[in-house]
Protein chains: 2
Amino acid sequence: MAQRLVVIGGDAAGMAAASQARRRRDRSDLEIVAFEQGHHTSYSACGIPYWISGMVADRDQLVARNPATFRDEFDIDVRLRHEVTAIDLDRREVVARDLDRGGEVRERFDDLVYAAGAVPTKPGWADTDMGGVFGVQTLDDAGALRDWLDGDPTPRRAVVVGGGYIGVEMAEALVQRGLSVTLVEKADQPMATVDPDMAALVATAMRGIGIDIRTGVGVTGLDQRDGRVSAVVTDDGPVPADVVVLGLGVRPNTALAEAAGLPVGSSGGIRVDRRMRVVGAPGVWAAGDCVESLHLVSRLPVHVPLGTHANKQGRVAGINLGGGYATFPGVIGTAVTKVCELEVGRTGLRERDATASGFEFVSVVAESTNRAGYYPGARPMTVKLIAERPSGRLLGAQIVGWSEAAKRIDTLAVALWNGMTVDEMTSLDLGYAPPYAPVWDPVLIAARKAVDALDRSRGQNEPVGGRG
Amino acid sequence: MAQRLVVIGGDAAGMAAASQARRRRDRSDLEIVAFEQGHHTSYSACGIPYWISGMVADRDQLVARNPATFRDEFDIDVRLRHEVTAIDLDRREVVARDLDRGGEVRERFDDLVYAAGAVPTKPGWADTDMGGVFGVQTLDDAGALRDWLDGDPTPRRAVVVGGGYIGVEMAEALVQRGLSVTLVEKADQPMATVDPDMAALVATAMRGIGIDIRTGVGVTGLDQRDGRVSAVVTDDGPVPADVVVLGLGVRPNTALAEAAGLPVGSSGGIRVDRRMRVVGAPGVWAAGDCVESLHLVSRLPVHVPLGTHANKQGRVAGINLGGGYATFPGVIGTAVTKVCELEVGRTGLRERDATASGFEFVSVVAESTNRAGYYPGARPMTVKLIAERPSGRLLGAQIVGWSEAAKRIDTLAVALWNGMTVDEMTSLDLGYAPPYAPVWDPVLIAARKAVDALDRSRGQNEPVGGRG
């Protein structure tokens, strides 16, 4: 008799696991049922800002694979609008509610993939029924926001709360739609994912397209008129708003897992081993925004909700489920984003992370260009490196530039992944041609500067964490 | 008394060595004299096609540092238009001829940096006094070609002989200047630096801008009329030409070194250790296009004349000369170029190299896009990986794409540098955002495909070097 796999969550991680398992085990060996509470499977949440801005015309373009494809090509029984309400590990079954038609179903499983994703952080003041307040975590959220933006009266003033990736990307998207945009951020800078010196470059670019950035400002409530939001109340006074977008981050969606007794780690995510098996729960797997990962530099458990990890983790779970062998060794915190023509990349630890992890380090910032200086279209590129001292091992890197900049972080990410020192990096054989780099690549220039800083710090016994 | 350093060759390698030595040893400790037979120091030979095309307006833009800068800021006595004619290692002196004013000078040295560069390959038929036949190795060569192109009568038909990087780049530059261009190449394909399947993509793009590519065609002579070239004679008949550009590659310029008894390796380049000391010749250093390097994948000595290596090697020689410690461990054959809006990158071994080095391998070609498929401006990108079997170690990689493609070879170059397997590579934490990559980065897609090919080859015992 065929075994049964139940998947909770029909987005990247869950469906990657399901389809990889299917590749290795056919229906006579493994039946697969996937529950998804929303209306869509396997979509690009990262693409939402570009659909909101209008740059991507059609929402369906964001859907990589729809339920019919999974059914027809992968023999996976996807049940949309089904919310799993309980997991019974002893009886090996889940209970799911049909959100549209009502009623409950029970499904037996041999293996379970928990891929319930993340839930947006929602402070008390955001828990409201008033119109015009939106998260942008799911495609359903995004649809509601688009309807509001296209509605009557047409919103003119937007407030984005939270200056992380999604907040920054949404602020730009709303400017592109013609709204007047204010970004409110509690911290001293938007883009706290990079160090303050690099974030300052991003803030300047954002202000350049007219975004009013208010940092160090906390939100305390919302005002409304006739059931529609009219202002965001902050500790710096009210900010008028016809629409409010929340970008306050997410936390792992573990309620159901915890209720079933699955272990949650210090980061808040479900604890898994490197094959994506939930620790202490045979036959239960977890992947995606609900799990915690090992940070390979700090060696600490972290929660990094990103589509790229979700896909990899789901694939790894599915290969193992299917009888193969695959591992997800961990993350190093690589991320890229585009802000107002500015390209931003980061990997590894920021200065504050390095300090918090107990590293001594030097950090350097090197100015260079994306192309040979004489080649048309050459634009500035700033590369920051953080290197352990005295070892010289690369701990983190950040890049801000105007074009052809962001993805160069991958070069640094692979160096960091392999534990290279900045001294070793100066020898790297990187591609050179005038349309693509100066003869000393920006990465190599930064590595050389870091070597010099290390030399100085060894000689002069600089203060810990001093800048080169 | 100050010691003396004599540098032979005032381009990237020689001047990098001189300036690094100066950073660590001031004039009272080290006097530095550099002889350069041309009119320029430290220029970008790689930039020549872009000056010929007119994309770079002014030839001086290609000069990174001129002799006055070296004199004033680095206290280096640069003597242009001086050809070194002999090295006497016993007496520790060189003899140089003043090409403009005549006469000889002798300079004593304690240390010598030999950075004489490379000489273009010139078959017998190219050894001619007729007008209109040019190499493009030096800025002086390029100046002569520009004068001819701007001259009267204005050339209309160009023939480029040789389909390597410089030939391909020059062909495009001449098209941009409005000439009708034929590229003649003896081998079966232009861009033999990548495998035939990838080179075919490049050839298609070249034909797309009107370049007449004739492969498998050897040149046997030149025809002239009134002292000006009129045709390139080939074994496939004459090809009319008002100007001929030679791009037949270069060989290490070692005549002077060999005459002095310095060792030359199997690649034709001068043998150096990892600190750029000439083997068996204390106090003599060599760097740049005249040396041979260790290929870190094939473990064979190779001659790879590239500005990026010349700069690194010169820097390493200079640091060591200056009392520091630096090494040049070798090369892995990374190169990028732009051909008619097509971006090409390569690193490591091609299939033929892998076979010649005795590797068993699989190779895969993965089609993907530079951006998320739904993001505006997404263009195709083709990534080829060659991986040892059964180990899975990456041996080589090639990328051809339409934009934001070439420099992604660096990601693969760093993976290869660190001896990663394609299986390990599937876990790499690379940057993802819709403007920069699909959620599965093209590099990761290719790595996954290579893993699958390895799995299949292990199961099915495919023929050696079989394609996945």
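Reading guide: rules and limits
Residues numbered from 1 in each chain as written. Chains lettered and ligands numbered in written order. Predicted model: local features only at pLDDT ≥ 70, side-chain atom pairs only at ≥ 80, totals over all residues. Heavy atoms only, no water. Least-squares fit on C-alpha atoms with pLDDT ≥ 70 in both. Contact = heavy atoms within 4.5 Å. Buried area = accessible area lost by both parts, 1.4 Å probe. Salt bridge = Lys/Arg side-chain N within 4 Å of Asp/Glu carboxyl O. 1 Å grid on protein atoms, 1.4 Å probe; cavity = no way out; pocket = protein on both sides within 12 Å on 5 of 7 lines; lining within 4 Å. Points joined across faces, edges and corners; volume = space filled by probe spheres on them. Helix = DSSP H or I, 4+ residues; strand = E, 2+ residues; numbered from the N terminus. Buried < 20%, exposed > 50% of the residue type's maximum accessible area, 1.4 Å probe, protein only. Core = buried A, V, L, I, M, F, W, Y, C linked by side-chain atoms within 4.5 Å. Pairing = 2+ DSSP bridges. Right-handed = clockwise from strand over helix to strand, strands pointing away. Phe/Tyr/Trp six-rings, centres within 6.5 Å; stacked < 30°, edge-to-face > 60°. Lys NZ or Arg CZ within 6 Å of the ring centre and 35° of its normal.

A. Structural view of the relation of the copies chain B and chain A. Each copy superposes on the other: chain B lies on chain A with an RMSD of 0.0 Å after a rotation of 180° and an axial shift of 0.0 Å. Taken together, the rotation and translation describe the operation of a two-fold axis. The position closest to the rotation axis in chain B is occupied by the C-alpha of Thr411(B), lying 2.3 Å away. The share of interface residues of chain B whose copies in chain A are also at the interface is 100%, consistent with both copies meeting through the same surface.

B. Spotlight on the interface of chain B and chain A. Facing the 61 residues of chain B at the interface are 61 residues of chain A. Carbon and sulfur atoms make up 60% of the surface buried where chain B meets chain A, a total of about 5,400 Å² over both sides. Per-residue buried area on chain B facing chain A is highest for Tyr374(B), Asp429(B) and Tyr436(B); these three make up 15% of the total on that side. Counting the contacts that link chain B with chain A gives four salt bridges.

C. Here's a closer look at empty space enclosed by the protein. All names here are of chain A. For the structure on display, the rule yields one cavity of 30 Å³ or more. As a volume, the largest cavity reaches approximately 30 Å³. Taken together, Gly288, Asp289, Val291, Ser293, Val304, Leu306, His309, Ala310 and Gln313 make up the lining of the largest cavity. Ranked by the residues each element gives to the lining of the largest cavity, the list is headed by helix 8 (residues 307-321), at three residues.

D. Layout of the pattern of salt bridges. Residues and elements named next belong to chain A. Using the criterion set out here, one finds 60 salt bridges over all chains in the structure. Linking Arg106 and Glu93 is a salt bridge whose minimum nitrogen-to-oxygen distance equals 2.5 Å. You can see Arg106 sitting in strand 6 (residues 104-108) and its partner Glu93 sitting in strand 5 (residues 93-98), a full 13 residues away along the chain. Since its relative accessible area comes to 12%, Glu93 is described here as buried.

E. Up close: the nonpolar core. Among the nonpolar cores identified, the biggest contains 88 residues, and Leu385(A), Leu412(A), Met425(A), Leu385(B), Leu412(B) and Met425(B) are the most heavily contacted of them. Setting aside chain neighbours within four positions, we find Leu385(A) in contact with Val362(A), Ser363(A), Val364(A), Leu394(A), Gly396(A), Ala397(A), Leu412(A), Val422(A), Ala446(A), Ala447(A) and Ala450(A).

F. Layout of the pairing of strand 12 (residues 212-215) of chain A. Residue and element names in this part refer to chain A. Two strands pair when backbone bridges link them, and strand 11 (residues 180-185) and strand 12 are joined in this way by four bridges, in the parallel orientation. Paired with Leu183 across the bridge in strand 12 is Ile213. Chirality of the crossover, the property in question, places the unit of strand 11, helix 6 (residues 196-208) and strand 12 among those that are right-handed.

G. Examining the packing of aromatic side chains more closely. This model, assessed by the stated rule, comprises six aromatic pairs over all chains. With a centroid separation of 5.0 Å and 80° between ring planes, the pair formed by Tyr50(A) and Tyr375(B) is classed as edge-to-face. Of this pair, Tyr50(A) sits in helix 2 (residues 48-52) while Tyr375(B) sits in the loop between strand 23 (361-369) and strand 24 (380-388), on two different chains. For the pair Tyr50(A) and Tyr375(B), a shared accessibility class is recorded, and that class is buried. Their ring planes at 45° and their centres at 5.9 Å tell us that Phe70(B) and Phe74(B) sit as a pair that is tilted. Of this pair, Phe70(B) and Phe74(B) both sit in helix 3 (residues 67-74), four residues apart, which is roughly one turn of that helix. Residue Phe70(B) shares its accessibility class with Phe74(B), and that shared class is buried. Across from the ring centre of Trp440(A), 4.4 Å away, lies the NZ or CZ of Arg448(A), which sits over that ring.

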